[in-house]
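Chain by chain, the residues:
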Amino acid sequence: MGNIAAVVVRILLLLMAILFIIKAFFVALDNDGTNEITLVRVNGSTFCQSCMGLYQ
Amino acid sequence: MHGALPVKRWIIQFIFLAVQHPFLQNFLSGTIYRGPLKTVCTSTLTCYSCPAAPFSCPIGTVQYIIEYMKMIPTYAVGWLTFFGTFLGRAPCAYACPFGFLQDILYRFSPFSSQRCLLPMARHLKWLIFALFVLIVPYWKDIPAFCAWVCPAGTLQAGLPIVIANPSFRNGIGVTFFWKMFLLLAILLYSLREQRPFCRYLCPLGLFLGFFNRISMLQIVCNQKKCLSCGVCGKKCPMGLSLPREINTLDCIKCGTCIAECPPKIQALSWRFSLFSTTKTLLPTPDTDTTRRQN
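Keep in mind that what you see is a predicted model, and the values were worked out from it rather than measured.

Focus on the overall build of chain B
So, step 1. Helix and strand counts for chain B stand at 15 helices and two strands.
So, step 2. Here the C-alpha radius of gyration of chain B, 20 Å, is about what a compact globule of 294 residues would show, namely 19 Å.
So, step 3. Principal-axis analysis of the C-alpha atoms places the extent of chain B at approximately 70 × 45 × 35 Å.
So, step 4. Out of the 294 residues in chain B, the part that is buried amounts to 49%.
So, step 5. Long-range contacts, defined here as pairs at least 24 residues apart, represent 71% of the contacts in chain B between residues at least 6 apart.

Following this line, the structure appears as structure tokens:
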């Protein structure tokens with residue numbers, strides 16, 4: 001029983017993870033059509049003042 | 001210095017270090033990579049503002065989405081759930097560059113000790129995760145972990161960019177010096193105790209640790225073979241009581257315990273499977289006690 005539950009949980013987690021990742025590409029977060037992946041890319045492509053310790 | 005060099009793990013760690021920092025020329029120019037790979041989250045603390053980094057840090061992404069959109073950061077959570085379900089906290093042991101640095105410092109330190117000086121401080125990472133990764137970014141619009149805590153960001157992004165890029169030097173203030181102090185304190189303490197940041201402070205390790213019990217990669221202990229000799233526990237880089245705490249929240253699945261298990265016993269081993277659990281194979285505290293009494 002424990003084995004079956006663990007396998008079900010693993011499969012559900014993997015499905016959830018894949019859905020969350022796919023959702024970021026296709027679901028718009030505002031009226032301009034911005035999706036999560038755009039935000040991640042913009043954030044990753046800027047000099048982060050916080051990471052550098054320059055946040056005042 | 002303690003024990004033999006974990007050569008295989010160090011080779012894997014070095015490969016991941018190279019894969020996660022391919023754009024070394026950016027260290028000289030003080031610029032960062034801005035290509036499509038930045039949409040991919042890693043499972044380690046690899047700062048996205050590091051000049052050499054092609055990927056995004058999941059903890060940085062979580063804070064940014066919470067701060068900017070006030071929503072659950074499903075993309076970063078999706079990546080972490082994906083990695084966690086397969087590997088649990090193993091990326092901490094095999095892929096995290098900051099973990100690798102702490103391993104090196106401890107291994108070659110003349111002051112290293114196996115004693116865990118601050119066992120209760122393990123719970124600090126819950127506070128760091130809740131307060132600095134979730135609450136402050138939501139409430140005060142500040143990516144608090146990146147801004148005030150993350151030593152990996154200071155080392156990978158802050159120092160090289162400030163050194164190579166004069167325009168950023170005007171921004172140096174109290175926060176920069178605080179982060180430098182914290183980085184130095186953690187690195188110095190790494191000379192005394194193994195992986196202090198991973199043990200006490202890392203919110204990413206905590207999140208991946210949630211999957212440790214259920215992940216497909218497991219360390220299994222054959223209860224029939226285990227003599228409870230305690231050799232594995234003495235060498236654990238996370239200071240865990242082994243084999244009882246194998247695959248628990250703080251276990252980074254580094255495999256040191258497997259390597260240290262006496263060759264004639266080999267009670268510990270790896271298992272990677274979708275279809276099996278280790279629950280029945282792990283020795284319980286009661287059986288440990290019974291065995292010692294016998």
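As for the nonpolar core
So, step 1. Grouped together as the largest cluster of nonpolar side chains are 88 residues, with contacts concentrated most on Cys47, Ala76, Trp79, Phe145, Ile252 and Cys257 of chain B.
So, step 2. Considering every element that reaches this core, the biggest residue donor is helix 4 (residues 74-87) of chain B, with nine residues.
So, step 3. Looking at which domains feed residues into this core, each of domain 1 (7-209) and domain 2 (217-293) of chain B gives three or more.
So, step 4. Sequence-distant contacts of Trp79 of chain B, that is, excluding residues within four places in its chain, are made with Ile21 of chain A together with Cys41 and Pro58 of chain B.

Describing helix 7 (residues 124-140) of chain B
Residues and elements named next belong to chain B.
So, step 1. Of all the bends found along helix 7, the most pronounced is centred on Leu131 and spans about 30°.
So, step 2. If you follow the buried residues of helix 7, they end up packed against helix 3 (58-69), helix 8 (144-149), helix 11 (196-200) and helix 12 (203-209).
So, step 3. With its phi angle positive at about 55°, Asp141 sits one or two positions after the end of helix 7.

A few points about the packing of helix 3 of chain B against helix 4 of chain B
All names here are of chain B.
So, step 1. Two numbers describe how helix 3 lies on helix 4: the axes approach to 8 Å, and their chain directions differ by 155°. Taken together, the axes of helix 3 and helix 4 are roughly antiparallel relative to one another. As for how helix 3 packs across helix 4, the hand of that crossing is left-handed. Residues Pro58, Thr61, Val62 and Ile65 of helix 3 lie in contact with helix 4, whose contacting residues are Tyr75, Ala76, Trp79 and Leu80.
So, step 2. Broken down by class, the residue content of the contact of helix 3 with helix 4 amounts to seven nonpolar, one polar and no charged.

Description of the pairing of strand 1 (residues 217-221) of chain B
Residues and elements named next belong to chain B.
So, step 1. Among the five residues that make up strand 1, four are buried, leaving the element largely enclosed by the rest of the structure.
So, step 2. Pairing analysis gives five bridges linking strand 1 to strand 2 (residues 268-272), with the strands arranged antiparallel. Across the sheet, the residue bridging to Cys221 is Leu268, located in strand 2.

Points about the domain arrangement of chain B
Residue and element names in this part refer to chain B.
So, step 1. Segmenting chain B into domains produces domain 1 (7-209) and domain 2 (217-293).
So, step 2. Here the C-alpha centroids of domain 1 and domain 2 sit 28 Å apart.
So, step 3. Contacts between domain 1 and domain 2 engage 16 residues on the former and 12 residues on the latter.
So, step 4. Of all the elements in the fold, those that place two or more residues in the side of domain 1 that touches domain 2 are helix 4, helix 5 (90-94) and helix 11.
So, step 5. A total of three residues in the side of domain 1 that touches domain 2 trace back to one element, the largest contributor, which is helix 5.
So, step 6. A class-by-class count of the residues in the side of domain 1 that touches domain 2 yields seven nonpolar, four polar and five charged.

Thoughts on helix 2 (residues 36-44) of chain A
So, step 1. Of all the positions in helix 2 of chain A, only Glu36, Leu39, Val40, Asn43 and Gly44 of chain A are classed as buried. Each buried residue of helix 2 of chain A sits inside an arc of 125° when the element is viewed along its axis, so together they form one side.

A closer look at the interface of chain B and chain A
So, step 1. Contacts between chain B and chain A engage 46 residues on the former and 33 residues on the latter.
So, step 2. Every element with two or more residues in the side of chain B that touches chain A is listed here: helix 3, helix 4, helix 8, helix 9 (151-164) and helix 10 (174-190) of chain B.
So, step 3. Of all the elements, helix 4 of chain B adds the most residues to the side of chain B that touches chain A, at eight residues.
So, step 4. Along the lines of polarity and charge, the residues of the side of chain B that touches chain A split into 25 nonpolar, 17 polar and four charged.

Remarks on the packing of helix 2 of chain A against helix 3 of chain B
So, step 1. The N-to-C vectors of helix 2 of chain A and helix 3 of chain B enclose an angle of 115°; their axes lie 10 Å apart at closest approach. Judged by the twist between their axes, the crossing of helix 2 of chain A over helix 3 of chain B is right-handed. Only Thr61, Tyr64, Ile65 and Tyr68 of chain B of helix 3 of chain B make contact with helix 2 of chain A, whose side of the interface consists of Glu36, Leu39, Val40 and Asn43 of chain A.
So, step 2. Classifying every residue of the contact of helix 2 of chain A with helix 3 of chain B by side-chain character gives five nonpolar, two polar and one charged.

Parameters and conventions
- All chains use their own residue numbering, which begins from 1 and follows the written sequence.
- As they are written, the chains are lettered A onward and the ligands numbered 1 onward, keeping that order.
- It should be noted that, the model being predicted, local features are given only for residues of pLDDT at least 70 and side-chain atom pairs only at 80 or more, the latter also being counted only at that level, while totals for whole chains, interfaces and linings use all residues.
- Numbered from the N terminus, helices here are DSSP runs of H or I no shorter than four residues, and strands are runs of E no shorter than two.
- When we talk radius of gyration, it's over C-alpha atoms, and the globule rule is simply 2.2 Å times the number of residues to the 0.38.
- Once C-beta atoms are placed from the backbone, each residue is buried if 20 or more other C-beta atoms lie within 10 Å of its own, exposed if 12 or fewer, and partly exposed for counts between those two.
- Each residue is represented by a C-beta atom placed from its backbone, and any two residues with such atoms within 7 Å are regarded as in contact.
- Structurally, a nonpolar core is described as a collection of buried Ala, Val, Leu, Ile, Met, Phe, Trp, Tyr and Cys residues joined by way of C-beta atoms within 7 Å.
- Segment limits for the domains were obtained from an automatic or database-derived domain assignment.
- At any given residue, the bend is defined as the angle formed between two axes, one fitted to the seven residues that end at that position and one fitted to the seven that begin there.
- What counts as an axis is a line fitted to C-alpha atoms, over the stretch in contact for a helix, and the angles between N-to-C directions run from 0 to 180 degrees.
- What sets the label is the angle itself: under 35 degrees gives roughly parallel, over 145 gives roughly antiparallel, 65 to 115 gives roughly perpendicular, and the rest give oblique.
- Helix crossings are classified by the rotation of the near helix relative to the far one: an anticlockwise turn of less than a right angle makes the crossing left-handed, while a clockwise turn makes it right-handed.
- Residues are sorted three ways: Asp, Glu, Lys and Arg are charged, Ala, Val, Leu, Ile, Met, Phe, Trp, Tyr, Cys and Pro are nonpolar, and all the rest, Gly among them, are polar.
- Two strands pair under a simple rule: DSSP has to find at least two bridges between them.
- Along the arc lie the directions from the helix axis toward the C-beta atoms.

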